[in-house]
Amino acid sequence: MLKALLSIFFPRRCAGCGEILSDNEEYVCEPCFHSMRMTEEAWHRGNKLEMLFRSFAPYEREHGSANKFVRGAAFTYYDRKTAVPHIIHTIKFYHDPKLARWMGRQAALTLQSNDSAFFNDIDLLMPVALHKRRERERGFNQSEWICRGLSDITGIPVDTSHLRRIVYTEQQSLKTLEERASLGHVFALENAGELRGKHVLVVDDVITTGSTISRVLDVLHPVRGCHYSVFALTFAMHTH
């Protein structure tokens, strides 16, 4: 009875458009979900995001060693004509970790439904770490909750024990492309030896220039036998 009354006075609304959701819709209405521009990148090798990291890859050039980067993909494009920006905004600024987890599940389900082998041989899902101060301000790490959604479908464990963000920086959305590219050493690994021989999937919510994740790969690269791949909920190519 209480649930029915709450649904009348406080109906569930779509995170994309704000319209009231039907009983069979969860978090995002069907029109908004179908408006998203899926990238199809997980089953297309040499996709735009993958090539971004293969060409950008300062972690490869600086260390002068074999390429440990395996693959990269994003679920959607950050297209302002779609519901994606509204969903990301709701996750971050309306503090909705359950929406982040739901989006992670949708990403994994979509990838698997297209016979993608993207998650094959991945040992750990590693969310891009927030500084402790930023996580206290927001109340959660959205990338961790995306990982939880991916894990719900794939069964791959989420690793939050190794990567730390050691420098507090402004939100990336407030930085210019040049400022993002000039990031210094902002991440560190704890007990790095435990990652030897592992294939780690580094997960973030939005990738624009790739600079933040490249700093994560910087600290993963020296770990013996560790290979890494990259996944983002959405890819905000500045050329779009």
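Look above for the structure.
Because the structure is a prediction, the values reported are computed rather than measured.

A look at the pattern of salt bridges
Any two side chains of opposite charge can pair, so long as their charged atoms come close to each other.
So, point 1. Applying the stated rule across the entire model yields seven salt bridges.
So, point 2. The residue R71 makes a salt bridge to D121 at a minimum N-O spacing of 3.6 Å. Of this pair, R71 sits in strand β1 (residues 69-77) while D121 sits in the loop between α6 (97-113) and β2 (124-127); the two residues are 50 residues apart in sequence, bridging distant segments of the chain.
So, point 3. For R71, a relative accessible area of 10% corresponds to the buried category.
So, point 4. Measuring nitrogen to oxygen at the nearest pair gives 2.5 Å for the salt bridge that ties R164 to E190.

Describing the packing of α6 against helix α8 (residues 142-154)
So, point 1. Viewed as axis vectors pointing N to C, α6 and α8 meet at an angle of 40°, and their least axial separation amounts to 7 Å. As far as their axial angle goes, α8 and α6 are oblique. The element α6 and its partner α8 pack so that their crossing is right-handed. On α8, the residues touching P97, K98, A100, R101, G104, R105, A107, A108, L109 and Q112 of α6 are Q142, W145, I146, R148, G149, L150, D152, I153 and T154.
So, point 2. When its residues are assigned to classes, the contact of α6 with α8 shows nine nonpolar, five polar and five charged.

Section: the nonpolar core
So, point 1. Ranked by size, the top nonpolar core spans 38 residues in total, and within it V28, I87, L150 and F231 carry the most contacts.
So, point 2. Elements with a minimum of two residues in this core: α2 (30-35), β1, α5 (84-93), α6, α8, β5 (199-207) and β6 (227-235).
So, point 3. With seven residues, the single largest contributor to this core is α6.
So, point 4. Core analysis: the next-biggest nonpolar cluster, separate from the first, contains 29 residues, L52, A129, L220 and V223 among them.

Thoughts on the environment of R134
So, point 1. Looking at where R134 falls in the secondary structure, it is placed in helix α7 (residues 132-138).
So, point 2. Judged by its relative accessible area of 11%, R134 is buried.
So, point 3. Along the backbone, R134 and Y168 are 34 residues apart, and their C-alpha atoms lie at a distance of 7.4 Å.

Regarding α8
So, point 1. Between its first and last C-alpha atoms α8 spans 18 Å; for 13 residues at 1.5 Å apiece the expected length is 18 Å, and the two agree.
So, point 2. All buried positions along α8 are accounted for by Q142, S143, E144, W145, I146, C147, G149, L150 and S151.
So, point 3. For α8, the N-terminal capping position is held by N141, with its side-chain oxygen 3.0 Å away from the main-chain nitrogen of S143.
So, point 4. Residue G155 follows α8 closely and has a positive phi angle near 80°.

Cut-offs used in this document
- Residues numbered from 1 in each chain as written.
- Predicted model: local features only at pLDDT ≥ 70, side-chain atom pairs only at ≥ 80, totals over all residues.
- Heavy atoms only, no water.
- Salt bridge = Lys/Arg side-chain N within 4 Å of Asp/Glu carboxyl O.
- Helix = DSSP H or I, 4+ residues; strand = E, 2+ residues; numbered from the N terminus.
- Buried < 20%, exposed > 50% of the residue type's maximum accessible area, 1.4 Å probe, protein only.
- Axes fitted to C-alpha atoms, helices over the stretch in contact; angles between N-to-C directions.
- Parallel < 35°, antiparallel > 145°, perpendicular 65-115°, else oblique.
- Left-handed = near helix turned anticlockwise from the far one by under 90°.
- Contact = heavy atoms within 4.5 Å.
- Nonpolar A, V, L, I, M, F, W, Y, C, P; charged D, E, K, R; others polar.
- Core = buried A, V, L, I, M, F, W, Y, C linked by side-chain atoms within 4.5 Å.
- Expected span 1.5 Å × (residues − 1).
- Polar contact = N/O pair within 3.5 Å; in protein donor to acceptor, adjacent residues only side chain to side chain.

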